[in-house]
Amino acid sequence: MEILRPIFGVALITAICAGPVPAADSSQADAKREERWQLIADYLFDDREVLPTDSLIKIDAPKRAQDAALVPITLTMPQKDKIKSVYLVIDDNPAPLAAHVTFGPAADSGTLQLRVRIDTYTNVHAVAETKDGKLFSTAAFVKASGGCSAPSGPSDAEAMKGMGEMRMKFAESIQQGKPAEATLMIRHPNFSGMQMNQLTRHFTPARYLEKMTVSYGDQTVLDIVGDISLSTNPVMGFNFVPRGDGPMKVVASDTKGGRWEQSFKVPPATN
């Protein structure tokens, strides 16, 4: 399964990108949003059933975004031991699937934090894939505008400075065998292909982080597949389970062949 990309002219994309649903008739608007979601779900998951849930995954998103290009999203999985992976879908974005995150053996899948772009008033769906292969979704409605076309910086050259640089922050107190918080920051413009260079008046070609792998020692924490809906200079908060004293390594690659790798020393864990 590939992430849904903004290939204009295709009937599916035309339907998805038909624009914001009028708010005059709320029941009609809800029906149109549900129709759009079913179209996206059928494309992403083929014939797999996606069931609604209010217990397996929860989504915390602002009702109105302060900055449409930097919208914070927090996913919570109360029954974390059942979760294999999560999908974050922004229904009315040109490329709806923002990220697919698979949890490895060194992860604690209780929470996940991301920053995304939101292009218009839209439902945001979080889909949890359980270890037995079932899919469950929940949704939040977010009011935002123009996030996918917002500039990544004052100029393309400025936005690309330091591309691939990474930082990792860990919780102050880490205990062996207990979930610990970490925050990964990667410098990358994540050009969406919809941003206009203010000097040339041409659209900047898309270039975005496509794959990221976080490992701890010899075990995977997260495998992340991203697309244009992830924000400029992505920030991801996650939990891992400290065991031993191995470093945390991040390998990231983008759609233009860029590849970056960096290791971080994990603070000593107490017993």
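For the structure itself, look to the data block above.
What counts and how
Residues numbered from 1 in each chain as written. Predicted model: local features only at pLDDT ≥ 70, side-chain atom pairs only at ≥ 80, totals over all residues. Heavy atoms only, no water. Pairing = 2+ DSSP bridges. Helix = DSSP H or I, 4+ residues; strand = E, 2+ residues; numbered from the N terminus. Axes fitted to C-alpha atoms, helices over the stretch in contact; angles between N-to-C directions. Buried < 20%, exposed > 50% of the residue type's maximum accessible area, 1.4 Å probe, protein only.

Participant: Account for the sheet that holds strand β6 (residues 107–116), with residues named and values stated.
Facilitator: The six strands are arranged β2-β3-β6-β13-β10-β9 in an open sheet whose pairing can be described as antiparallel. Only two strands of the sheet have a single partner each, and these edge strands are β2 (58–60) and β9 (166–170). Mean inter-strand twist for the sheet, computed between neighbouring axes without regard to direction, equals 20°. Taken together, the six bridges between strand β3 (residues 71–76) and β6 define a ladder with antiparallel strand orientation. Note that in β6 the partner of Thr 74 across the bridge is Gln 113.

Participant: Account for the sheet that holds strand β15 (residues 259–264), naming residues and giving values.
Facilitator: The nine strands are arranged β1-β8-β7-β4-β5-β12-β11-β14-β15 in an open sheet whose pairing can be described as mixed. Where the open sheet ends on each side, the last strands, each with one partner, are β1 (50–52) and β15. Within this sheet the neighbouring strands show an average axis-to-axis angle of 20°, counted without direction.

Participant: A description of the pairing of strand β13 (residues 235–240) should follow, citing residues and the corresponding values.
Facilitator: Of all six residues making up β13, five are buried, and the element is well covered by its neighbours. Pairing geometry for strand β10 (residues 180–186) and β13, over six bridges, is antiparallel. The partner of Ala 180 across the bridge, within β13, is Phe 240.

Shape descriptors only; they carry no functional weight alone.
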